[in-house]
Amino acid sequence: MRKLLVAGNWKMNAGPTEAKVLADEMAEIWKGKQFSHEALICPPYVSLPFVVKSFRDSFFKTGAQNVYTEDNGAYTGEISTSMLKELTCDYVILGHSERREYFQETDEFIAQKVSKSLSDSIRPILCVGEKLDERKADKQKEVVEKQLNTVLNQVDEKHADDFVVAYEPVWAIGTGETASPEQAQEMHAFIRSLIADSWSSDAAEKVRILYGGSMKPANAEELLSQKDVDGGLIGGASLKADSFSEIMSIAEQIGK
Ligand code: PGA
């Protein structure tokens, strides 16, 4: 059985002071309560140590929003997997559409980062998804297949339990527009079939596939109840403790 993963991507929001307040609020809401799935917050690098500290006595996990492929050295501005491990980070978001668009990250470079993270025991959340013009031209499957297969070709299926994919249609990110539950399910099932083709159906059943793109309390239930939707990667709605917690509660009720 796949556990749902409810993940918050704070993007370039919440510096140390704000991040601490927000993480403390989340930890307080869930204090003494059970959560049978996984909850994760990915703050900016500089806020990570504070969030890790706030979550010390809770089930919340922490992740980064990017990582480099080398262990250390002359790579000004970069952060390594060992640095994230030292902070006890469990996850890293890779290949987010904003990194692809604004920082020219290629499928090949993203695949190297995914491999490096897996070999250093940090779970990657690989983001894939089509842009609006690609959806209008009915090219969403073609686009996602290329993004995903570049990574699958370089990673061994033994990592299936630790490998997470986030399907994030770019036209739904931060726009308030969400993929319909049917559109999400169709793409998630397609992604799982690509994993089965490249790896095996056993491996494909283990990989968690999150939906991302304007997920909020009002639409979380219909999205999270889809068969192949194994959680959410949540931007805007993760910046408020109550809305993120509400999505977690919805996940808890769905149970899966
Ligand atoms: P959003 O962002 O929830 O604000 O649309 C999701 C993401 O980019 O991961």
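Anyway, here's the lowdown on the structure attached to this text. (Residues numbered from 1 in each chain as written. Predicted model: local features only at pLDDT ≥ 70, side-chain atom pairs only at ≥ 80, totals over all residues. Heavy atoms only, no water.)

## Side note on the site of the ligand
Lining the immediate environment of the ligand, one finds 13 residues, of which Lys11, His96, Glu168, Gly174 and Ser214 sit closest. Asn9 places a side-chain nitrogen or oxygen 3.4 Å from an oxygen atom of the ligand. One of the backbone nitrogen or oxygen atoms of Gly235 is found 2.8 Å away from an oxygen atom of the ligand. Look at the ligand: alone it shows 280 Å² of surface, and the protein chains cover 95% of it. (Near = heavy atom within 4 Å. Polar contact = N/O pair within 3.5 Å; in protein donor to acceptor, adjacent residues only side chain to side chain. Areas by Shrake-Rupley, 256 points an atom, 1.4 Å probe, with all protein chains shown as cover.)

## So, the sheet that holds strand S2 (residues 38-42)
Pairing in this closed barrel of 8 strands is parallel, and the strands run S1-S2-S3-S4-S5-S6-S7-S8 around the ring. When the angles between neighbouring strand axes are averaged without regard to direction, this sheet yields 25 degrees. (Pairing = 2+ DSSP bridges. Helix = DSSP H or I, 4+ residues; strand = E, 2+ residues; numbered from the N terminus. Axes fitted to C-alpha atoms, helices over the stretch in contact; angles between N-to-C directions.)

## Here's the deal with the environment of Lys141
Looking at where Lys141 falls in the secondary structure, it is placed in helix H7 (residues 140-152). A relative accessible area of 31% places Lys141 in the partly exposed class. Ignoring any residue separated from it by four or fewer positions in sequence, one finds Lys141 in contact with Glu186, Met187 and Phe190. (Buried < 20%, exposed > 50% of the residue type's maximum accessible area, 1.4 Å probe, protein only. Contact = heavy atoms within 4.5 Å.)

## So, the layout of surface pockets
Any empty space left between atoms is shown by rolling a water-sized probe over those atoms. In this model, the largest pocket occupies a volume close to 510 Å³. Taken together, 19 residues make up the lining of the largest pocket; nearest its centre are Met12, Gln65, Asn66, Arg99 and Phe103. In terms of residue count, the dominant contributor to the lining of the largest pocket is helix H4 (residues 97-102) (3 residues). Within the lining of the largest pocket, the residues separate by chemical class into 8 nonpolar, 5 polar and 6 charged. A volume near 280 Å³ is recorded for the second largest pocket. Forming the boundary of the second largest pocket are 13 residues, of which Arg100, Lys131, Glu134, Val143 and Gln147 lie nearest the centre. Counting residues per element, the ones that place at least two in the lining of the second largest pocket are H4 and H7. (1 Å grid on protein atoms, 1.4 Å probe; cavity = no way out; pocket = protein on both sides within 12 Å on 5 of 7 lines; lining within 4 Å. Points joined across faces, edges and corners; volume = space filled by probe spheres on them. Nonpolar A, V, L, I, M, F, W, Y, C, P; charged D, E, K, R; others polar.)

## So, the pairing of strand S8 (residues 231-234)
Alternating residues of S8 divide into Gly231 and Leu233 and Gly232 and Ile234, and every residue in both groups is buried. As paired strands, strand S1 (residues 5-9) and S8 are joined by 4 bridges and run parallel to one another. The partner of Val6 across the bridge, within S8, is Gly232. Sheet topology note: the strand S7 (residues 208-212)/S8 ladder contains 2 bridges and is parallel. Looking at the pairing, Tyr211 lines up with Gly232 of S8. Handedness of the crossover is the feature at issue here: the chain leaves S7, passes through helix H10 (residues 217-224), returns alongside S8, and the resulting connection is right-handed. (Right-handed = clockwise from strand over helix to strand, strands pointing away.)

## Describing the pairing of S1
Here is the key point about a regular strand: its side chains alternate between the two faces of the sheet. The element S1 is extensively covered by neighbouring structure, given that 5 of its 5 residues are classed as buried. Of the two faces of S1, the one lined by Leu5, Ala7 and Asn9 and the one lined by Val6 and Gly8 are each fully buried. Both S1 and S2 contribute to a ladder of 5 bridges, which runs parallel. For Asn9, the partnering residue across the bridge sits in S2 and is Cys42. Between the parallel pair S1 and S2, the chain is carried across by helix H1 (residues 16-30), and the sense of this crossover is right-handed.

The values reported here are purely geometric and, on their own, carry no functional implication.
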